[in-house]
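# Fold and geometry: a report
Listed below, chain by chain, are the residues.
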Amino acid sequence: MKWKSDSEVQAIVQNFSRRCGARTEGDDWNVFWGHPWNVQRLFHPDLGTRLRDDQLVNHFPNHLELTRKDQMVKNVKRWLRERGRDGRREAFDFVPVTHLLPADYSLFVEEFRRCPRATWIMKPANAAQGRGIFLVTKLAQLRKWSAGRWAATKASESYVISRYVDRPHLVGGRKYDLRLYVLVTSYRPLRVYKHREGFARFCTSKYDPSPANLGNPFVHLTNVAVQKRGADYNQHHGGKWNLRHCRLHVEATRGRAAAARLFADMDRLIVDSLRAVQAQIINDRHCFECYGYDVLVDDDLKPWLVEVNASPSLSATTRADRVMKLALIRDVLDVVLDEGTAARDRPMRGAGGFEVLHDEAGERSAAAAAAARPRERGREEGAREHVSLRLRP
């Protein structure tokens, strides 16, 4: 077995060297862990690349349907509308009210005037690490910022503006969000694993939504790339808290039932977001993807999806961070090397820290088996009655 990667991150190099044999720079690899754009090039029709049966890559060709903020919002909105129209089940809204700019500017203005006291958060649709994010409380702010900007804006440089969750759940008076790791090995049927390890990312300054602090990123933005520039950043723990500790805190302060409901809602959020893009994603059997889900919890313990990262950072800021990310990639390899490119309708099983979150094929099989049981019982009872009639004198 051979592997290839455009990354030198320790979690990748160390795990692949142990599990996947020799590293190669050629095309004779079995597993390629690459940047999304480099993986996307493999599927470009002009290159005529044809992957072998024994080759696996770490991204789906059009992952941007989920991992680009504007595409994700568009797909989730459409899916929720379809669910509500079909009446198949109660819609579970997990994305704040969001508009795409400049395309939906007029719709945003209408929404803004309906809720003039609301705070909104503006983000580039295709940026990361907190770049280009700011809060908006007045239309004049947005008009001033956008003056002369929209006319020259390309579709790839659009923005999303979302209703700001201004009552977040706080720990020690500080705002945080959660990073959850989700592995998808197939979209049709949908096969989803969730890793037990994750973490909370905390702001270094206590939460204060007053107008005087709207421009303070150390109060509002949880991104590590932002917080580590602050004077109060702690190098020892990196402003992070293990996911298990977060759950224990919620159990201690809100009760076990509330904590169980929160984590069940986050599981549903993950599966529903993947269902929202299921029909759009090109489901190539050579592909798998480990997503980094960023989830914000409000003071009512309702989870909100902030974004989904196609390449969650594997760089370590602390020793605990390094241990966790080494284990994460080890477990990714355990799952995907076991599955390979074989038929994706066989039973799923967890590996290491990964637990089965959703097995669409398995659920269909179970439902079919459950539907078949009454028919089998009916046939058996009919056969017994027929024998009884024949034996009756």
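So, how was this worked out
Residues numbered from 1 in each chain as written. Predicted model: local features only at pLDDT ≥ 70, side-chain atom pairs only at ≥ 80, totals over all residues. Heavy atoms only, no water. Salt bridge = Lys/Arg side-chain N within 4 Å of Asp/Glu carboxyl O. Helix = DSSP H or I, 4+ residues; strand = E, 2+ residues; numbered from the N terminus. Buried < 20%, exposed > 50% of the residue type's maximum accessible area, 1.4 Å probe, protein only. Lys, Arg positive; Asp, Glu negative; His and termini not counted. Contact = heavy atoms within 4.5 Å. Axes fitted to C-alpha atoms, helices over the stretch in contact; angles between N-to-C directions. Parallel < 35°, antiparallel > 145°, perpendicular 65-115°, else oblique. Nonpolar A, V, L, I, M, F, W, Y, C, P; charged D, E, K, R; others polar. Arc of directions from axis to C-beta. Polar contact = N/O pair within 3.5 Å; in protein donor to acceptor, adjacent residues only side chain to side chain. Core = buried A, V, L, I, M, F, W, Y, C linked by side-chain atoms within 4.5 Å. Pairing = 2+ DSSP bridges.

Let us look at the pattern of salt bridges. Under the defined criterion, the tally for this structure stands at 26 salt bridges. When the shortest N-O distance is used, the salt bridge between D272 and R275 registers 3.5 Å. Of this pair, D272 and R275 both sit in helix α10 (residues 256–277), three residues apart, roughly one helical turn. You can call R275 partly exposed: its relative accessible area is 23%.

With that settled, consider the side chain of K4. Of note, K4 is situated in strand β1 (residues 2–5). Here K4 sits buried without a salt bridge, and the closest side chain of opposite charge, D27, lies 4.2 Å off (N-O distance). Here K4 is in contact with T24, E25, G26, D27, W29, V31, F32 and W33, once residues within four sequence places are set aside.

This part takes up the packing of helix α5 (residues 105–114) against helix α6 (residues 139–146). For any two helices packed against each other, the geometry comes down to the angle between their axes and how far apart the axes lie. The geometry of α5 relative to α6 is characterised by a closest axis approach of 11 Å and an angle of 155 degrees between their N-to-C directions. In terms of axis orientation, α5 runs roughly antiparallel to α6. Residues Y105, F108, V109, F112 and R113 of α5 form the contact with α6, whose participating residues are L139, L142 and R143. Tallied by class, the residues present in the contact of α5 with α6 amount to six nonpolar, no polar and two charged.

On to helix α1 (residues 10–19). In an α-helix there are 3.6 residues to a turn, and that puts residues three or four apart on one side. Among the residues making up α1, those that are buried are A11, I12, N15 and F16. For α1, the arc enclosing every buried residue in end-on projection is 105 degrees, short of the 170-degree limit, so these residues lie on one face. If you follow the buried residues of α1, they end up packed against β1, β3 (31–33) and α11 (319–339). A positive backbone phi angle near 75 degrees is found at G21, which sits one or two residues after α1.

Relative to the helices and strands, D70 is located in helix α4 (residues 69–86). Within the structure, D70 has its side chain in polar contact with the side chain of R68 (distance 2.7 Å). Not counting the four nearest positions on each side in its chain, D70 is found in contact with L100, A125, S158 and V160.

Now for the nonpolar core. Ranked by size, the top nonpolar core spans 49 residues in total, and within it L66, L178, V184, Y187, L274, Y291 and Y293 carry the most contacts. Only α2 (36–42), α4, β10 (174–187), β11 (190–202), α9 (243–254), α10, β13 (289–297) and β14 (303–309) provide two or more residues apiece to this core. In this structure, V184 is in contact with F60, L190, R191, V192, L274, F288, E289 and Y291, ignoring residues within four places of it in sequence. In this structure, I12, F288, C290 and V336 belong to the second largest nonpolar core, which totals 26 residues.

Pairing is antiparallel across the open sheet formed by four strands, whose spatial order is β5-β8-β6-β7. Looking at the sheet topology across the chains shown, the edges are occupied by β5 (98–101) and β7 (134–136). In this sheet, adjacent strand axes meet at a mean angle of 30 degrees when their direction is disregarded. Against the sheet, α5 contacts β5, β6 (120–124) and β8 (159–163), and its axis sits at roughly 140 degrees relative to β5. Sitting on the sheet, α6 touches β5, β6, β7 and β8, and the angle it makes with β7 is about 130 degrees.

Counting buried residues along β8, four of its five residues qualify, which places the element largely inside the surrounding structure. As paired elements, β5 and β8 share four bridges and run antiparallel to each other. By the bridge assignment for β8, T98 is matched with S162. Here β6 pairs with β8 via five bridges, running antiparallel. When the sheet's bridge partners are listed, P124 is paired in β8 with Y159.

Everything listed here is a matter of coordinates, which is why it stays silent on function.
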